[in-house]
Amino acid sequence: MLAIYKREMQSYFTSPIGYVYIGVFAMFNSLLFSIFTLLEGASSSSGTYFFVSMFLFIVLIPILTMKSFSEERRMRTEQLILTSPVGLMSMIFAKFLAAFTMFGGSYTLLNLLNISFLYKYGEPNTATLFGSMLGVLLVGSAFIAIGLFISALTENQMIAAIGTIGAILFLLGISMLNNFVGSETIRNILSWISVMSRFNNFTYGIFDFAALLYYFSVCFVFMFLTVRVYDKRRWS
Amino acid sequence: MNNQKKLENKKKLRHGTAAIVLTAVVVVAVIIVNVVFTKLAYNNNWYVDMTESSIYGLSDDGRALLDTIDQSREIKVHFCTPIDKLEQNDYSKMAFELVKQISSEYSNISYDYIDILRDAAVAYKYKKDSSDTVTSSNIIIESGTEFRKFTLDQLFYYDPNTYEYWAFHGEARLISAMVAVTQAETPVAYLSTGHGEYNDSTAFAQLLTDAGYEIKTIDLTKQDFEEDARLLVVMNPIKDFQGDPDNDPALYSEIEKLADWLSDGGNLMIFRGGLEHTGTAPVELPELDQLLAEWGISFKTETLLDSSNSVVMGSSQGTSYVLEGKYAEGDSFGAKVVSDMASLASPPKVVVPYARPIELLFDYKNDRETTAVVYSQSTALSTSETETKSAGEVPIIAASRAIRIIDNVETYNYVYAIGSLGFAEANYLNASYANNDVLYRMMRDMGRAQVPVNLDLKVFEDEALDINIDEAEKITWALVLVVPAVIFTVGIIVYIRRKHA
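In this convention, every chain numbers its residues from 1, walking through the sequence in written order. Here the convention is simple: chains get letters from A, ligands get numbers from 1, in the order in which they are written. The model is predicted, so local features are restricted to residues of pLDDT at least 70 and side-chain atom pairs to those at 80 or more, both for listing and for counting; the totals for chains, interfaces and linings are taken over all residues. Only hydrogens and water are removed before side-chain values are computed, so all heavy atoms of the structure are retained for them.

Asker: What is the right way to read the overall build of chain B from this model?
Answerer: Comment: elements are numbered from the N terminus, with helices defined as DSSP H or I runs of at least four residues and strands as E runs of at least two. A count of helices and strands for chain B gives twelve helices and 24 strands. With 501 residues in all, chain B has 49% of them scored as buried. Pairs of residues are marked as contacts when any of their non-hydrogen atoms sit within 4.5 Å. Nonlocal contacts in chain B, meaning residues at least 24 apart in sequence, comprise 71% of its contacts between residues at least 6 apart. Throughout, the Shrake-Rupley method with a 1.4 Å probe supplies accessible areas, and for residues the shown protein chains are the sole cover considered. Accessible surface for chain B amounts to roughly 24100 Å². Of this, 52% is attributable to carbon and sulfur atoms. When accessible area is computed with a 1.4 Å probe and restricted to protein chains, residues below 20% of their type maximum are described as buried, those above 50% as exposed, and intermediate ones as partly exposed.

Asker: Sorry if this is basic, but what is going on with the pairing of strand E8 (residues 188-192) of chain B here?
Answerer: Looking down a regular strand, the side chains alternate between one sheet face and the other. Residue and element names in this part refer to chain B. The element E8 is largely enclosed, with a buried count of five among its five residues. Here E8 shows no split at all, with Val188, Tyr190 and Ser192 on one side and Ala189 and Leu191 on the other all buried. We treat two strands as partners when DSSP finds at least two bridges between them. Direction of pairing for E8 relative to strand E9 (residues 214-218): parallel, over a ladder of five bridges. Bridge pairing in E9 links serine 192 to isoleucine 218. A crossover gets the label right-handed when its path from the first strand over the helix to the second runs clockwise, viewed with the strands pointing away from the viewer. Handedness of the crossover joining E8 and E9 through helix H7 (residues 202-210): right-handed. Sheet topology places E8 next to strand E10 (residues 229-235); four bridges connect them, and they run parallel. Looking at E10, one finds that leucine 191 is bridged to valine 233.

Asker: Any chance you could explain the side chain of glutamine 377 of chain B here in plain terms?
Answerer: Residue and element names in this part refer to chain B. Topologically, glutamine 377 is positioned in the loop between strand E19 (368-375) and strand E20 (381-383). We classify glutamine 377 as buried; its relative accessible area is 15%. Identification of polar contacts relies on pairs of N or O atoms within 3.5 Å, with a donor-acceptor requirement for protein atoms, meaning one able to donate a hydrogen and the other able to accept it, and with residues adjacent in sequence counted only if both atoms are side-chain atoms. At 3.4 Å, the side chain of glutamine 377 and the backbone oxygen of glycine 325 are in polar contact. Excluding anything up to four places from it in sequence, glutamine 377 contacts Asp306, Asn309, Glu324, Gly325, Lys326, Gly392 and Glu393.

Asker: Looking at this structure, I do not really get unusual backbone geometry. What am I missing?
Answerer: Excluding glycine, a negative phi dihedral is what most residues carry, and trans is how most peptide bonds are arranged. All names here are of chain B. The phi angle at asparagine 236 is positive, at roughly 55 degrees, despite the residue not being glycine. Residue position: asparagine 236 is located in the loop between E10 and helix H8 (254-263). The backbone phi angle of tyrosine 354 is positive, close to 45 degrees, even though this residue is not glycine. Tracing the sequence through the fold places tyrosine 354 in the loop between strand E16 (351-353) and strand E17 (358-360). Since its relative accessible area comes to 17%, tyrosine 354 is described here as buried.

Asker: In this structure, what is going on with the pairing of strand E5 (residues 146-151) of chain B? I would like to understand it.
Answerer: Residues and elements named next belong to chain B. Two strands pair when backbone bridges link them, and strand E4 (residues 138-143) and E5 are joined in this way by six bridges, in the antiparallel orientation. Note that in E5 the partner of asparagine 138 across the bridge is threonine 151. Hairpin connection between E4 and E5: a loop of two residues separates the two successive antiparallel strands, and glycine 144 in this loop has a positive phi of roughly 65 degrees.

Asker: When you look at a negative patch on the surface in this model, what are you seeing that I'm missing?
Answerer: Patch members must show over 30% relative accessible area and no salt bridge, and they are joined within 9 Å when carrying like charges or within 5 Å when they are nonpolar side chains of Val, Leu, Ile, Met, Phe, Trp or Tyr. Every case where a carboxyl oxygen of Asp or Glu lies within 4 Å of a side-chain nitrogen of Lys or Arg is listed as a salt bridge. Residues scored as charged are limited to Lys and Arg (positive) and Asp and Glu (negative), so that His and the chain ends carry no count. By convention, charge coordinates are those of NZ in Lys, CZ in Arg, CG in Asp, or CD in Glu. Side chains of Glu123 of chain A together with Glu52, Asp462 and Glu463 of chain B sit close together on the surface and give a patch of like negative charge. Position of glutamate 463 of chain B relative to the elements: it lies in the loop between strand E24 (458-459) and helix H12 (469-500).

Asker: Where do I start with the sheet that holds strand E6 (residues 156-158) of chain B in this structure?
Answerer: The pairing of strands in a sheet comes from backbone hydrogen bonds and takes either a parallel or an antiparallel form. Here three strands make up an open sheet; going across it, the order is E6-E7-E24 (chain B) and the pairing antiparallel. For this open sheet the edge positions go to E6 and E24 of chain B, each flanked by a neighbour on one side alone.

Asker: Can you walk me through the sheet that holds strand E3 (residues 109-113) of chain B in this structure?
Answerer: Residue and element names in this part refer to chain B. The four strands lie next to each other as E3-E2-E4-E5, forming an open sheet whose pairing is mixed. Edge positions in the open sheet fall to E3 and E5, since each of these has one partner strand only. Here the strands of the sheet are splayed against their neighbours by 20 degrees on average, with no regard to which way each runs. This element, helix H6 (residues 170-181), spans strand E2 (75-79), E3, E4 and E5 of the sheet and lies at about 165 degrees to E5. Convention adopted: a line fitted to C-alpha atoms gives each axis, helices being fitted over their contacting stretch, and angles between N-to-C directions are expressed from 0 to 180 degrees.

Asker: Looking at this structure, how should I read the packing of aromatic side chains?
Answerer: Note on aromatic pairs: each is described by the distance of the centres and the angle between the planes. Residues and elements named next belong to chain B. Here the aromatic set is Phe, Tyr and Trp, taking the six-membered ring for Trp, and pairing holds for ring centres within 6.5 Å; pairs whose planes are under 30 degrees apart are stacked, those over 60 apart are edge-to-face, and all others are tilted. Summed over all chains, the structure comprises 36 aromatic pairs over all chains. Ring plane angle 70 degrees and centroid distance 5.7 Å describe the contact between phenylalanine 79 and phenylalanine 96, whose orientation is recorded as edge-to-face. Here phenylalanine 79 is found in strand E2, whereas its partner phenylalanine 96 is found in helix H4 (residues 90-105), with 17 residues between them in sequence. Summarising the burial analysis for this pair, phenylalanine 79 and phenylalanine 96 share the class buried.

Asker: Please clarify how the nonpolar core should be interpreted in this entry.
Answerer: In this text, buried Ala, Val, Leu, Ile, Met, Phe, Trp, Tyr and Cys residues form a nonpolar core when linked through side-chain atoms within 4.5 Å. If you look at the biggest cluster of nonpolar residues, it comprises 82 residues, and the most contacted ones within it are Leu38, Phe50, Phe57, Phe143 and Tyr215 of chain A. Discounting chain neighbours no more than four positions away, the residues touching phenylalanine 143 of chain A are Phe57, Ile61, Ile168, Leu171, Leu172 and Val195 of chain A. Membership of the second largest hydrophobic core comes to 48 residues, among which are Val350, Leu429, Met446 and Leu457 of chain B.

Asker: I'm lost on the interface of chain B and chain A in this one. Help?
Answerer: How big an interface is tends to be expressed through the accessible area that disappears when the partners come together. With 56 residues of chain B at the contact, the number on the chain A side is 61 residues. The contact between chain B and chain A buries some 4900 Å² in all, and 67% of this surface belongs to carbon and sulfur atoms. A quick way to say it: buried area is the sum, across both parts, of accessible area lost when two parts are put together, with a 1.4 Å probe. Three residues, Met50, Leu465 and Leu479 of chain B, lead the burial of chain B against chain A; their summed loss comes to 15% of the area buried on that side. Joining chain B to chain A, the criterion identifies one salt bridge.

Rendered as structure tokens:
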């Protein structure tokens, strides 16, 4: 598993994709940070920044995940995976971990730089800030798991990317449907599915254990589904 | 051959079916675990409040007050907005989470949603009179036939300059309402009449009701105090109370009734304003003044103004007569009335319009002691018909209390003197100023506490940054351009080197 993880990490940094991802992420993430905090000054709102920054994931996470499995299928190297002594779950987890390391590592490091300015010019609540960061990382991990699953379904990277964008848009936008739904039962179901409604508590300064379980469950389910996809291919 | 193919297909089908079933079982199991855990977490408040002032939680002081409620009394909290929509709004979520936590810890307190559009009869039940309305922002605390109704705004303090909420005061308001609706005996606040009093302040009447009082009027020339009388409010009289200058034994004058009632433990809250906006100068009321002098309080006839420390609504540039008061400090019982607010980093303003200075005639005399509650600022001037001169820091809200020993227990009753009529008007009894809370705290001191208000404000975290725009722009350019440029440059170098390796 470690070998697959290392290989994946190498592939991000030996090709332009890793640098493009980190560079674009740094640019837009810092822009959002400045707009909602530094340039606001007295009206600074870190909660709004964390909330809005998730919309960057619509584009950035598909960049990370689109080639994970579809590239293997296109290059016909997935036979190596299917016949590898490494278990499918371990292999998929290694790819997930590599993508999450790229996402989580760059997000954490860039935000530590950004947040240092909040401490320099204000008195932020550390617990709320880091709770919000953790919430974003959890949302990102869920999107990565979904992206990997969609990548496993197709050999075309573009289709994988578009499919992931669609899925992320759906999950981010589903809570907005609540404004148009009259039935409380349906609104509760939509909120239960919605990634945003689970995330909001973190921006309020609430560490929600149910949300933690939700995100872990999404990661697990989509990685499990990815295993099922490859298991089917193995035996078909 | 065909049989072999059929066998293979059968194996595939069995394996495929098993795989689908396994997948479905796992997914359903995960969903069930999540649903169950989410429900449990919701009901048992399995979350950590990371805010500095624990905005979403119930404080220990709050629990101590809720413990005083008779557990056999059912209390219902009605929200007029659907529960899921309450959780989507930053501010209503605070109120809802507080009630949810209270409900989870106290089995006699529950909450629900009432649809005021669909159920007009329910909405009608909570209207105090024909002009009152029930809106979707209302929160209603009910027990038996008693209820208290709040709007969401009433649970917060807001900055009159920015119109943004800066503190949550819901714990005190909601818990005091819960205490009030479960009181076995409803104390009565009497509003005196017959002396030209201004009893038209609905905001002040609402405050008394929220504090747990039933409001009645009393004409002391014709009526005596009832057993249930706890508080007498005298609102800016312009005619004197009836005295008994000839010591006629057949006459039980108003002043005698009032004096005896105060000596027996009654409480008095008297408002007497200075030069009103109508231009009416304050009048002298010898009988009333003499009674107040026995309690160490004397209203002066001047009116205070202060160009440096005055406000109007929504602005800090004030009309000179609308004073921004200064909280009393120290260990006096007057300072303790306002200590919760005075101790905040940014205390809410207490506004005293057309203030009359109050002289404290003694500190301690005949088991009565006096103290100031609110002063004017050092820049205050006092003006009369003949002159204007520097007044400095003088009491504009003062208190006198009598100490009695009953069954070996020290008991107090109070005379609160407010040198302003406008202090209790709707303009200043709102979430922008501290007037509401000053009055609540006074009511708390009066005999058996009706309003448990010793609960801290929950001040929102101040995320303001002390940074000038030039600096912010420079940092923005550095973060948005320089950092990504470095990363792209490294990427290009690595790519070129690998290409030519």
